[in-house]
Amino acid sequence: MYPSEKLLLKVFDDLKDFLPYLVLIGGWVPHIYAKYVWKEIPTTVITTTDMDFGIVIKEYKGDESISSRVRKLGYGEHHISMDRPIPFVPVVKSPEGLEKADVEFISIPKPPKYIKEKLIGKEIKVNEIKNFNVLLESITEIIIDKYVIQIPTESMFVFHKLLTFIQRENEEKLRKDLYYAYYIFRFCPQKGKLVQDIKFLIKDKKVGRNIVRNINKYFKNVDSKGPILIERENGPDNFVSNVRADAYERISQVLI
């Protein structure tokens, strides 16, 4: 087990009381699918250590906030502004202090007050993202060790990545988003079903037209920016001779 994965399990344990209100998203999702759902697929080379949790919009009646919990447990704090102690991003650390990762929380724009006041806590930075509600419309539960974790379904994870990658101002993050989508396309055991499910989402969701536009812009042909970025993020490959062409074919097929 990677040291960073041990850190992820520590966060699951630390936040076990809050897991029904959280959905693990971001770069950890392909790794979780590979190791805990598909199983026969070799585990991914983890390209992230930071942990992103989407916030489920449902009433929270607990007495303790996540902010209170992580401060009690001695988490570090990554301050957004150097001259103010709040808001902050929690930083989980391994017992030896050799590993650390930001733990970020993402929500729909203008979430209900109880999200920040009771569930997350006013002290923690909550990132509000346009169209984030779409990602939480299709989630599934899996068991990792003794924890019940919520993650997006494969098709919704890819759908949302293809919808939002273009919003990234940082090209490194944009490149990783495309790579995560490609990884699911490449290694999901039920490839045909995955493609059909994404096609359905594109037709069913109003924002589907944005995905068509994004793919037409970034995957017009094998030498477009999208396949090139995926090839760069993937690196040398012992199993696929032309990653750029493979990425183009797998992603562009959802428009056929």
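Quantities reported herein were computed from a predicted structural model and do not represent experimental measurements.

Re the pairing of strand 4 (residues 88-93)
And step 1. For strand 4, a buried count of five out of six residues is recorded, marking the element as mostly surrounded by other parts of the structure.
And step 2. For strand 4 and strand 5 (residues 100-107), the ladder comprises three bridges, and the chain directions are antiparallel. Looking at strand 5, one finds that Lys93 is bridged to Lys100.
And step 3. With antiparallel pairing between neighbouring strands as the criterion, strand 4 and strand 5 make up a hairpin whose turn holds six residues, including Gly97 at a positive phi of roughly 80°.

Description of the environment of Ile120
And step 1. Along the chain, the position of Ile120 falls in helix 4 (residues 113-120).
And step 2. Residue classification places Ile120 among the buried residues on the basis of a relative accessible area of 0%.
And step 3. The residues contacting Ile120, other than those within four sequence positions of it, are Ile55, Ser65, Ile66, Ser67, Phe105, Ile115 and Val126.

Quick word on the packing of helix 1 (residues 3-14) against helix 2 (residues 28-38)
And step 1. Contact geometry of helix 1 with helix 2 gives a least axis separation of 13 Å together with a crossing angle of 95°. Looking at the two axes, helix 1 sits roughly perpendicular to helix 2. Residues Ser4, Glu5 and Leu8 of helix 1 form the contact with helix 2, whose participating residues are Trp28, His31, Ile32, Lys35 and Tyr36.
And step 2. Looking at the contact of helix 1 with helix 2, its residues break down into four nonpolar, two polar and two charged.

Some thoughts on the nonpolar core
And step 1. Phe12, Met51 and Phe105 are the most contacted members of the largest nonpolar core, which has 81 residues in total.
And step 2. No other element matches helix 7 (residues 171-187), which puts nine residues into this core.
And step 3. Every residue in contact with Phe12, bar those within four places of it in the chain, is listed here: Leu19, Leu24, Phe53, Ile144, Tyr147 and Ile149.

Observations concerning the environment of Glu128
And step 1. Its place among the elements puts Glu128 in strand 6 (residues 126-128).
And step 2. Taking the C-alpha atoms as reference points, Glu128 and Glu171, separated by 43 residues in sequence, lie 20 Å from one another.
And step 3. At a separation of 2.9 Å, a polar atom in the side chain of Glu128 contacts the main-chain amide nitrogen of Lys110.
And step 4. Polar side-chain contacts of Glu128 include one of 2.8 Å to the side chain of Lys116.

Rules used throughout
- Residues numbered from 1 in each chain as written.
- Predicted model: local features only at pLDDT ≥ 70, side-chain atom pairs only at ≥ 80, totals over all residues.
- Heavy atoms only, no water.
- Buried < 20%, exposed > 50% of the residue type's maximum accessible area, 1.4 Å probe, protein only.
- Helix = DSSP H or I, 4+ residues; strand = E, 2+ residues; numbered from the N terminus.
- Pairing = 2+ DSSP bridges.
- Contact = heavy atoms within 4.5 Å.
- Axes fitted to C-alpha atoms, helices over the stretch in contact; angles between N-to-C directions.
- Parallel < 35°, antiparallel > 145°, perpendicular 65-115°, else oblique.
- Nonpolar A, V, L, I, M, F, W, Y, C, P; charged D, E, K, R; others polar.
- Core = buried A, V, L, I, M, F, W, Y, C linked by side-chain atoms within 4.5 Å.
- Polar contact = N/O pair within 3.5 Å; in protein donor to acceptor, adjacent residues only side chain to side chain.

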